[in-house]
There are 2 protein chains.
Amino acid sequence: MSTHEEGYRDRTRERLLAVAEALVTETGLDALQARRVAREADCSIGTLYNIFGDIHGLIIETNARTLKILGSIMTAASQRSTKENLEARLNTLAVTYLDFASANQNRWRAVFEHRLPVDKPIPERFGEDRRQLLAMIETQLADTIDDPEKRSDTAYALFGAVHGIVLLSLDAKLGTFEPTQCARRIRLLVAHAVAGIQATK
Amino acid sequence: MSTHEEGYRDRTRERLLAVAEALVTETGLDALQARRVAREADCSIGTLYNIFGDIHGLIIETNARTLKILGSIMTAASQRSTKENLEARLNTLAVTYLDFASANQNRWRAVFEHRLPVDKPIPERFGEDRRQLLAMIETQLADTIDDPEKRSDTAYALFGAVHGIVLLSLDAKLGTFEPTQCARRIRLLVAHAVAGIQATK
C-alpha cells in the first residue's frame, strides 16, 4: 500500500469512528448500522468492511473508545483518593462509575449490550479494557486480601454489584431513577462489603 | 360483548401469549414483533392490538409471566431455607436467581432489556412483580435491619449486586461464563455483605 493510500485509509478510519461515536452517543447501539455509518462518513460500505472487517469490528472499536474514556476518568478519581481508607477509595470509584454511566447512558449501555454472533471468536481487544477496570479495583484490595483468587473474585463481585445497582436504577425498572438514592444504595453496599471483608479477613 | 365473543377473545389472548412465550424463550426479545406473533398465533395484527393495546402490552404480559415463574421458584427456595441463618437464606435466593437466569437466558434478559418508548407511561403492572422480588429480600432482613429505609435500600443493593454479577458472568464480557465461578463470587459478596450488615448493625 502506498503512503497516500495509507493516509486515506487512516483518515477514513478516523471519520468512521467519529461518526460511530456520535451516533452511539446520541441514539445508542441500534444506530450503528453499516449503511448508516458509511453514508454519514461519506464512504462506501465496502470501505467500512475493508477497514473494520464487519460492523462488529467497528462497534468493538467504538466501545473501546468509551471504555478508554471511562478508564481515564476512573484512574484520575482513584489517584485523587489514594490516601483515603478502603471504603472511601471504593466509594470514589463506584460513584465515578455511576456518574459516567448516567451522563453517558447510550455509550455506556452499548459497551454492555453489544453481543458478538455466537460463531464469531471474541477478539483479544474485547476483554482488555474491561480487565483494566477490574485491575483498578483489585489494586485497592491489595493490602486487605492476600489470596490472589479471592482478591480477584472480590473485585469482580464488587464491580458486578455496582454495575447491577447502576443498571437497575437507570432502567428505573424498580422505581424512578434518583441519582442520590442510587448513590446511597451503592455506598451502603460498599460499606457493608468493606466491613465484611475486614471482619472475615 | 357476547359470551361467545368473550370466549374467542380469551382464547386468542392465551394463544398470543403462548406464541410470545415460545418466541422469547427460543429467540429472545427481538422476536416479539406484532406481525410475527400474530401470524404464528393465526390471528390478525389488528386483533393483537385490540387485545394488548400495542406490542409493548404483549411484551409486558409475557415478561410478567416470566417474573411469575421466577417468583414462584424463589418463594419455594425461600420457604425451604427459613430455618437457616441470614447468609444461608440470602445465598439460597441468590443462587436460585443465578440458576433461573442461566437456564432461561432469553426470557430473563427480555424482562430487563424491554424498554417502553419514552412517551409511554409505565403501567402499574410493570413494577408490581419486581417489587415482590425485592419484598422477598426485605423479609430476610427484617430481624437484622430495623430502619425501614435502610432495609429497603439494602435489599435493593443486594438484588442489584447479584443481578449485576449474574449479568456480567452470562455476558462473559470479563471472561468465560463458568457457573461455579459465578456462584463463588455471589457467595463471596453475600458473605461480605452479611458480615458487614451484622458488623455495622
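Remember, it's a predicted structure, so these values are computed and weren't measured experimentally. The written sequence of each chain sets the order in which its residues are numbered from 1. Lettering for chains starts from A, numbering for ligands starts from 1, and both go in the order in which the items are written. Where local features are concerned, this predicted model is filtered to residues with pLDDT of at least 70; where side-chain atom pairs are given and counted, the filter is 80 or more; whole-chain, interface and lining totals use all residues. Side-chain descriptors were evaluated using all non-hydrogen atoms of the structure, hydrogens and water having been removed beforehand.

Peer 1: How do you make sense of the packing of helix H1 (residues 3-26) of chain B against helix H4 (residues 55-80) of chain B when you look at a structure like this?
Peer 2: Helix packing geometry: the angle between the two helix axes and the distance between the axes. Residues and elements named next belong to chain B. For helices, the fitted axis covers only the stretch in contact; all axes are lines through C-alpha atoms, and the angles between them, taken along N-to-C directions, range from 0 to 180 degrees. By the criteria applied, helices consist of DSSP H or I runs no shorter than four residues and strands consist of E runs no shorter than two, each listed in order from the N terminus. For the pair H1 and H4, the least separation of the axes is 10 Å and the interaxial angle reads 70°. Judged by the angle between their axes, H1 and H4 are roughly perpendicular. Of H4, the residues touching H1 (which contributes Arg13, Glu14, Leu16, Leu17, Ala20, Glu21 and Val24) are Leu58, Glu61, Thr62 and Arg65. When an angle is under 35 degrees it counts as roughly parallel; over 145 it counts as roughly antiparallel; between 65 and 115 it counts as roughly perpendicular; any other value is oblique. Residue contacts are counted whenever heavy atoms from the two residues lie within 4.5 Å of one another.

Peer 1: Please explain the interface of chain B and chain A as it appears in this structure.
Peer 2: Interface size, as often reported, equals the accessible area lost upon joining of the parts. Residue-level contacts link 41 residues of chain B with 41 residues of chain A. In this assembly, chain B packs against chain A so that about 3,800 Å² is buried in total across both faces, 66% of it on carbon and sulfur atoms. Any carboxyl oxygen of Asp or Glu that lies within 4 Å of a side-chain nitrogen of Lys or Arg is treated as forming a salt bridge with it. In this structure, A:Glu149 engages B:Arg184 in a salt bridge whose closest nitrogen and oxygen atoms are separated by 3.5 Å. N or O atoms closer than or at 3.5 Å make up a polar contact, with two conditions inside protein: a donor-capable atom paired with an acceptor-capable one, and, for residues adjacent in sequence, both atoms drawn from side chains. There are 11 residue pairs in polar contact (both at pLDDT 80 or more) connecting chain B and chain A. If you list the elements that add at least two residues to the side of chain B that touches chain A, you get helix H6 (105-113), helix H7 (124-141), helix H8 (148-171) and helix H9 (179-199) of chain B. Once two parts are brought into contact, the accessible area they lose, counted with a 1.4 Å probe and summed over both, makes up the buried area.

Peer 1: Would you mind showing me how to read H1(B) here?
Peer 2: What sets the pattern is the α-helix's 3.6 residues per turn: residues three or four places apart point alike. Residues and elements named next belong to chain B. One less than the number of residues in a helix, times 1.5 Å, gives the span that helix is expected to have. Its 24 residues give H1 an end-to-end C-alpha distance of 35 Å, which sits within 8% of 34 Å, the value for a rise of 1.5 Å per residue. When a residue's accessible area, from a 1.4 Å probe over protein chains only, is under 20% of the maximum for its type it is buried; when over 50% it is exposed; and in between it is partly exposed. Residues Thr12, Leu16, Leu17, Val19, Ala20, Glu21, Leu23 and Val24 constitute the buried set of H1. Taken together, the buried residues of H1 touch helix H2 (34-40), helix H3 (45-52), H4 and H6.

Peer 1: Looking at this structure, how should I read the packing of aromatic side chains?
Peer 2: What characterises a pair of aromatic rings is the spacing of the ring centres plus the angle enclosed by the ring planes. Stacked, tilted and edge-to-face are the three classes assigned to paired rings of Phe, Tyr and Trp, where Trp is represented by its six-membered ring and a pair needs centres within 6.5 Å; plane angles under 30 degrees give stacked, over 60 edge-to-face, the rest tilted. This structure, assessed with the given rule, holds 6 aromatic pairs over all chains. Between A:Tyr97 and A:Phe159, the ring centres sit 5.4 Å apart and the planes meet at 65°, which makes this aromatic pair edge-to-face. Here A:Phe159 lies in helix H8 (residues 148-171) and A:Tyr97 lies in helix H5 (residues 86-103), a separation of 62 residues in the sequence. Residue A:Tyr97 shares its accessibility class with A:Phe159, and that shared class is buried. Ring geometry for B:Tyr97 and B:Trp108: centres 6.1 Å apart, planes at 80°, overall edge-to-face. Linking B:Tyr97 in helix H5 (residues 86-103) with B:Trp108 in helix H6, this pair joins segments that are 11 residues apart in sequence. B:Tyr97 sits in the buried class, given a relative accessible area of 3%.

Peer 1: Quick question: what am I supposed to make of the relation of the copies chain B and chain A here?
Peer 2: Two chain copies here: they are related by a rotation about an axis and a translation along the same axis. Least squares is used to superpose the copies, and the fit set is the C-alpha atoms of residues whose pLDDT is at least 70 in both copies. Each copy of the sequence occupies a distinct position, and chain B is placed on chain A by a rotation of 180° and an axial shift of 0.0 Å, giving an RMSD of 0.0 Å. Here the transformation between the copies is reduced to the relation of a two-fold axis. Take the interface residues of chain B: 100% of them recur as interface residues in chain A, which is what a same-surface contact looks like.

Peer 1: Explanation requested: the pattern of salt bridges in the structure shown.
Peer 2: As a working rule, side chains carrying opposite charge can pair if their charged atoms are close by. Within the structure shown, the criterion is met by 18 salt bridges over all chains. Between B:Arg65 and B:Glu14 there is a salt bridge, and its shortest N-O distance comes to 3.0 Å. One end of the pair, B:Arg65, is in helix H4; the other, B:Glu14, is in helix H1, and 51 residues separate them in sequence. Classification of B:Glu14 as partly exposed rests on a relative accessible area of 40%. Note that B:Glu21 and B:Arg107 form a salt bridge whose closest N and O atoms lie 2.8 Å from each other. A residue pair is termed long-range when its members are at least 10 positions apart, and B:Glu21 in helix H1 and B:Arg107 in helix H6 qualify at 86 residues. By relative accessible area, which is 9% here, B:Arg107 ends up buried. Bridged by salt links that share partners, the residues A:Glu14, A:Glu21, A:Arg65 and A:Arg107 form one connected network.

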